[in-house]
Amino acid sequence: MNKFTKDYNVKYFGQDVLTGIIIALVSIPISMGYALVAGLPAIYGLYGSLLPIIIFGFMTTSPRFVFGVDAAPAALVGGILGTLSIASSSEEAVRIVPVITLLVSLWLLLFYFLKADKILKFISEPVMGGFITGIGVTIITMQIPKLFGGNAGRGELIELVVHIVKEMVEGFHVLSFVIGVLTVAVILIMKKLAPKIPMQAIIMVLSAIISYAFHLENYGIKMLPKVARGLPKFSFPDITVLPENYEAILLPSLTIALVIMSETLLATSNIGLKYDDKIKPSREVLTYSICNMAACLTGCCPVNGSVSRTGIADQYKVKSQVMSIVAGVAMFFILLFGTGFIGYLPIPVLTAIVISALIGTFEFELSMKLRKADKAEFLIFYAAFFSVLLLGTIYGVLVGIILSAATFIVRQTKPATAFLGVSEADDGFHTIKEGGAYDPIEGVVIYRFTGALFYATIGQFQEELSEAVKDDTKVIVVDAAGIGNVDVTAAQRLLLLYRKYKEKGIDFYLAGHVSRVNTELKNFGAKELIQNGAVRLRIAYALKASGIEKPYKVIKSEDREVHPNTKQITELEWAFGEDSEKEYEETGVQSIFTHE
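Residues numbered from 1 in each chain as written. Predicted model: local features only at pLDDT ≥ 70, side-chain atom pairs only at ≥ 80, totals over all residues. Heavy atoms only, no water.

A look at the overall build of the chain
Part 1: Check the secondary structure of the chain and you find 24 helices and eight strands.
Part 2: Sorting the 596 residues of the chain into buried and exposed places 52% on the buried side.
Part 3: The long-range fraction of contacts in the chain, counting pairs at least 24 apart against all pairs at least 6 apart in sequence, stands at 80%. (Helix = DSSP H or I, 4+ residues; strand = E, 2+ residues; numbered from the N terminus. Buried < 20%, exposed > 50% of the residue type's maximum accessible area, 1.4 Å probe, protein only. Contact = heavy atoms within 4.5 Å.)

Written out as structure tokens, the structure reads:
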């Protein structure tokens, strides 16, 4: 059982119950909308908000995350049906979707046994952000025709745009479009002005009341079909559909499972970090598998973590998974006694609620941060985004992962380096730069290398060091504090460099590295470096071993102005880089770096 029952403070019970009821009400229109996106009748969205959510509440290690029918899996399932040319909400769709959910559950179970949650370290936030944003834009583009009385589209961006134009030409219902656009506008505006008000649920109820009172269907506005009240019928999926469809189902179901695991775990970790919750990733993956098994038994599409509904729960200061259990129980009573309103829900309103929820999942703000901070990550975000839009979700994932791997490799092979000097105003060794406060020590090269030193980086190491060595150089000290390991190629090259410089009368040292590097040097045949004292615990110890002690004799920069606050200015430049002057003038942050 979930540990929320242990050490639970009962004073939060009423708060968690209220949050659970709100989550259930908000889930009604959102879950029904995503069920339609997945190609199922709307009622299946409510089925997926019952048993899977209660199971999640008891099993998850996250006390405040919300699980349910959500955007990404729904869109992926809808794409599979499109590939198979299966009509939305048809009997064939109702038959095949639970099979997809079953496969997703089994993939997630395999992930659990393989400890595949560790793969998340290779899926960067820009990849996931671009992927989720691409799915959101794709689903919105699919749903746009339903705002003006048309039918949802299928396929990628170009096909969807063509479909929108075609639907507009065949019939554009102005009143439906006005209602839909106004609904989106009201939800988004109220989200800014009063985020705690569950506008989705309120609009759903109001639209049903207005429809009942004024018979909106008589004005050409499409309604959801009426459904009989009652709980879902539990049955095992009809796996006889697999043999003839396995090529179209097997790999996409793996993709859905990967998306569920990665998106939900990343989001759970983020909310957990905010409150210092102790999340167990492996347990979470098992929970996702069991929840999806429950979903397939009720005929629903795959279920997933909901970032938007988790945000709502967080606004109400939820403390435990009492929320999810209450939400599931509330859905139980809605299915038994409250489904009569579904036939009075205007499709443009439900579509607008889904669109507004999807807009809330966009990560364009992340892309703007990346544009300023890291151009490579910025490009990866949009590569994943446009791959989803133009090529489809599976290719979007593949492109993003490939680009992430490529970026990782490039970064590993292009480590940060610098040459260090000293200052009369400071005891440390810091980067030498033009006009800066630090000068090189006469006859000494201090070279900082930050990153793994292996076959792909030793060339850069050797080349930069060689360029820095002059005729008057007597000592070379490598600041190796940032080197965590070396391979056999790097170890042998270091030994060759040591011998080469020794022949030239130059002392060569590695300093400040972790002891593991010394072990690797010994194991890879470079024990000579250790035996001859070419490894030192500190840069200062290496200099002292070559007879260079304080006060160090430096090569002073002729064009530098000496400032009375050298320490403060240097630390400010180190902290803010190119923006240091701006920060100094505009924010007064220099006070933080004042030295006593």
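Regarding helix 18 (residues 458–468)
Part 1: Among the residues making up helix 18, those that are buried are I458, Q460, F461, L465 and A468. Seen along its axis, helix 18 keeps its buried residues to an arc of 160°; they face one direction. Turned more than 90 degrees away from the buried face of helix 18 sit E463 and E467, all of them exposed. (Arc of directions from axis to C-beta.)

Examining the packing of aromatic side chains
Part 1: Summed over the entire model, instances satisfying the criterion amount to 23 aromatic pairs.
Part 2: For the pair F172 and F177, a centre-to-centre distance of 5.1 Å together with 50° between the ring planes defines the contact as tilted.
Part 3: Looking at F172, the relative accessible area reads 34%, which means it is partly exposed.
Part 4: Arranged with centres 6.2 Å apart and planes meeting at 15°, the rings of Y501 and F508 form a pair that is stacked. (Phe/Tyr/Trp six-rings, centres within 6.5 Å; stacked < 30°, edge-to-face > 60°.)

Points about a positive patch on the surface
Part 1: On the surface, K11, K196, K317 and K319 cluster together into a patch of positive charge.
Part 2: Tracing the backbone through its elements, the reader meets K319 in the loop between helix 12 (307–315) and helix 13 (322–337). (Patch = residues over 30% accessible without salt bridge, like charges linked within 9 Å, V, L, I, M, F, W, Y side chains within 5 Å. Areas by Shrake-Rupley, 256 points an atom, 1.4 Å probe, with all protein chains shown as cover. Salt bridge = Lys/Arg side-chain N within 4 Å of Asp/Glu carboxyl O. Lys, Arg positive; Asp, Glu negative; His and termini not counted. Charge placed at Lys NZ, Arg CZ, Asp CG, Glu CD.)

Comments concerning the side chain of S289
Part 1: Topologically, S289 is positioned in helix 11 (residues 281–297).
Part 2: If near-sequence neighbours (up to four positions away) are discounted, S289 is found in contact with S105, L108 and L109.

Comments concerning the sheet that holds strand 6 (residues 475–482)
Part 1: Read across the sheet, six strands follow the order 4-3-5-6-7-8 without closing on themselves; strand pairing throughout is mixed. Strands with a single pairing partner mark the edges of an open sheet, and in this sheet they are strand 4 (426–431) and strand 8 (535–536).
Part 2: As paired elements, strand 3 (residues 416–423) and strand 5 (residues 444–450) share four bridges and run antiparallel to each other. The residue of strand 5 that forms the bridge with F419 is Y447. (Pairing = 2+ DSSP bridges.)

Topic: the nonpolar core
Part 1: Residues M32, Y34 and L224 are the most contacted members of the largest nonpolar core, which totals 107 residues.
Part 2: Examining the composition of this core, we find that eleven residues originate from one element, helix 1 (residues 13–37), more than from any other.
Part 3: With residues near it in sequence (within four places) discarded, M32 still touches S27, A42, G45, L46, L224, F341, I342, L345 and L350.
Part 4: Counting residues in each nonpolar core, the second largest holds 30 residues, with L495, L497, I506 and V517 among its members. (Core = buried A, V, L, I, M, F, W, Y, C linked by side-chain atoms within 4.5 Å.)

Let's talk about the packing of helix 8 (residues 174–193) against helix 9 (residues 199–214)
Part 1: Running from amino to carboxyl end, helix 8 crosses helix 9 at an angle of 145°, the nearest separation of the two axes being 10 Å. Crossing of helix 8 against helix 9: the hand is right-handed. On the side of helix 8, the interface is formed by T183, V186, I187 and M190, while helix 9 contributes M199, Q200 and I203.
Part 2: Within the contact of helix 8 with helix 9, the residues separate by chemical class into five nonpolar, two polar and no charged. (Axes fitted to C-alpha atoms, helices over the stretch in contact; angles between N-to-C directions. Left-handed = near helix turned anticlockwise from the far one by under 90°. Nonpolar A, V, L, I, M, F, W, Y, C, P; charged D, E, K, R; others polar.)

Examining the pairing of strand 5
Part 1: Counting buried residues in strand 5 gives five out of seven residues, a clear majority hidden from the surface.
Part 2: Inspection of the sheet shows strand 5 paired to strand 6 by six bridges, in the parallel sense. Counterpart to V444 in the pairing with strand 6 is V475.
Part 3: Viewed along the sheet, the connection from strand 5 through helix 18 into strand 6 turns out right-handed. (Right-handed = clockwise from strand over helix to strand, strands pointing away.)

Re the side chain of K146
Part 1: Among the structural elements, K146 can be located in helix 6 (residues 125–147).
Part 2: Residue contacts for K146: discarding those within four places in its chain leaves L36, N151, A152, I347, P348 and T351.

Some words on unusual backbone geometry
Part 1: Put simply, K550 and P551 share a cis peptide bond, and its omega is -5°.
Part 2: Residue placement: P551 occurs in the loop between helix 22 (539–545) and helix 23 (566–576).
Part 3: A positive phi is found at S85, a non-glycine position, where the angle reads about 60°.
Part 4: For S85, the position within the fold is in the loop between helix 4 (71–83) and helix 5 (91–113).
Part 5: Residue classification places S85 among the exposed residues on the basis of a relative accessible area of 66%.

What about helix 5?
Part 1: Across its 23 residues, helix 5 extends 35 Å between first and last C-alpha, which sits within 8% of the 33 Å expected from 1.5 Å per residue.
Part 2: The first or second residue beyond helix 5 is K115, which carries a positive phi of 55°. (Expected span 1.5 Å × (residues − 1).)

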